[in-house]
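Chain and residue survey
Now for the letters of each chain:
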Amino acid sequence: MTAAQLTLVQIDNYGPWTVTPEPRREMDLQTLQSRLFADIAQYIGNRGGYVFFTRFDNMVAVTNGLDRRDHELLQESVGNRYPVTVSLGVGVDEVPIDALETATERVQAAGSAQSSDRSEALAGEFHDGDPTDEDVHIAHFDVNDATGKYTDRLNEFDSFINIEQGYASLMKYMREEHGALSFFVGGDNVIAACPDLSHDDYMGAIDHVAADADVQLKVGVGSGATPHEAGFAAKHALEDCRYEGTLVEFA
């Protein structure tokens, strides 16, 4: 049974900070956000987790394998190196969206995202059982022949529109139908944290995106005790799709 641990990373008081004492240069803000994401991704990734940027001032991480002390050290590292701090909420559930709901409630209970009184809040529950190979389920989607259909034929902006439309359709479908969380990770790739789904469930998602956005996907699925283990297995399964010419493969 899936037991996904989700962490919400939210920058404290970021909106007011960006305009105090006066509005800051946009590229300076973009640089700070991208560097902060890269540092958090490296920290969590080195411990077997995955993190996704979402809106940059908010990030969502799958953190099976990381405990409370790991989260405290992350906050300490950010506080020492950046002019902003981060608050963290943690939740565990069989369904990823439910785990994220719990994590979000913990952060919201500590204060508003734009409150100067909230700094480095850390609240929630951590995976307290023995880790198993079924704790985390990761699905790695990509677009069939994105290079031939888009990259080598269209300008980059129109290619981006097509890929984003497929991503948006998949993201909404997987969340509403299965409580899965899907994240664009660059190129034509989407990684989803999922409950335990069947071959038909994934085919349903692929068929929906093809009909809704005219984008053809394939997916490799893996499971493991940590996101890294599950995601690496999913990558290998996706390679099986490419080799076999199939749309869904399980590691």
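Coordinates for the structure precede this section.
Here's what I pulled together on the structure shown here. (Residues numbered from 1 in each chain as written. Predicted model: local features only at pLDDT ≥ 70, side-chain atom pairs only at ≥ 80, totals over all residues. Heavy atoms only, no water.)

Quick look at the layout of surface pockets
- Taken as a whole, the largest pocket holds about 510 Å³ of empty space.
- For the largest pocket, the lining is made up of 23 residues, of which Thr54, Arg55, Val60, Leu100 and Phe183 are closest to its centre.
- The set of elements that each furnish at least two residues to the lining of the largest pocket consists of strand S1 (4-11), strand S3 (58-62), helix H4 (96-109), helix H6 (156-178) and strand S7 (181-184).
- By residue number, the principal contributor to the lining of the largest pocket is H4, which donates six residues.
- Residue composition of the lining of the largest pocket, grouped by class: 13 nonpolar, six polar and four charged.
- Taken as a whole, the second largest pocket holds about 180 Å³ of empty space.
- The wall of the second largest pocket is formed by Gly45, Gly49, Tyr50, Val51, Phe52, Val185, Ile191, His228, Phe232 and Lys235.
- Within the residue set of the lining of the second largest pocket, elements represented by two or more residues are strand S2 (50-52) and helix H8 (227-244).
- Broken down by class, the residue content of the lining of the second largest pocket amounts to six nonpolar, three polar and one charged. (1 Å grid on protein atoms, 1.4 Å probe; cavity = no way out; pocket = protein on both sides within 12 Å on 5 of 7 lines; lining within 4 Å. Points joined across faces, edges and corners; volume = space filled by probe spheres on them. Helix = DSSP H or I, 4+ residues; strand = E, 2+ residues; numbered from the N terminus. Nonpolar A, V, L, I, M, F, W, Y, C, P; charged D, E, K, R; others polar.)

Quick notes on the pattern of salt bridges
- Counted by the stated rule, this structure contains eight salt bridges.
- One salt bridge connects aspartate 39 with arginine 81, and the closest N-O pair in it is separated by 3.1 Å. You can see aspartate 39 sitting in helix H2 (residues 26-45) and its partner arginine 81 sitting in helix H3 (residues 68-81), a full 42 residues away along the chain.
- The class for arginine 81 is exposed, based on a relative accessible area of 53%.
- Among the charged side chains, a salt-bridge network with shared partners connects Asp142, Lys218, Glu239 and Arg242. (Salt bridge = Lys/Arg side-chain N within 4 Å of Asp/Glu carboxyl O. Buried < 20%, exposed > 50% of the residue type's maximum accessible area, 1.4 Å probe, protein only.)

What to know about the nonpolar core
- Core analysis: the biggest nonpolar cluster contains 27 residues, and Phe141, Met174 and Tyr202 have the highest contact counts within it.
- Taken together, the elements giving at least two residues each to this core come down to strand S6 (136-143), helix H5 (146-151), H6, strand S8 (189-194), helix H7 (199-213) and strand S9 (217-224).
- Top element by residues in this core is H7. It accounts for six residues.
- Excluding residues that lie within four positions of it along the chain, tyrosine 202 makes contacts with Ala139, Phe141, Met174, Cys194, Leu197, Val219, Val221, Val248 and Phe250.
- Counting 24 residues, the second largest nonpolar core, distinct from the first, contains Phe37, Leu66, Tyr82 and Val84. (Core = buried A, V, L, I, M, F, W, Y, C linked by side-chain atoms within 4.5 Å. Contact = heavy atoms within 4.5 Å.)

Some points on the sheet that holds S2
- In spatial order, the strands read S2-S3-S1-S4-S5; together these five strands make up an open sheet with mixed pairing. Each edge of the sheet is formed by a strand with only one pairing partner; in this case those strands are S2 and strand S5 (122-124). Averaged over all neighbouring strand pairs, the angle between strand axes comes to 20 degrees, with direction disregarded.
- Together, S1, S2 and S3 form the strand contacts of H2, whose direction differs from that of S2 by roughly 160 degrees. (Pairing = 2+ DSSP bridges. Axes fitted to C-alpha atoms, helices over the stretch in contact; angles between N-to-C directions.)

Overview of the pairing of S1
- With eight of its eight residues buried, S1 lies for the most part within the structure.
- The alternating pattern of S1 places Ala4, Leu6, Leu8 and Gln10 and Gln5, Thr7, Val9 and Ile11 on opposite faces, both of which are buried.
- In the sheet, S1 pairs with S3 via five bridges, with the strands oriented antiparallel. For leucine 6, the partnering residue across the bridge sits in S3 and is valine 62.

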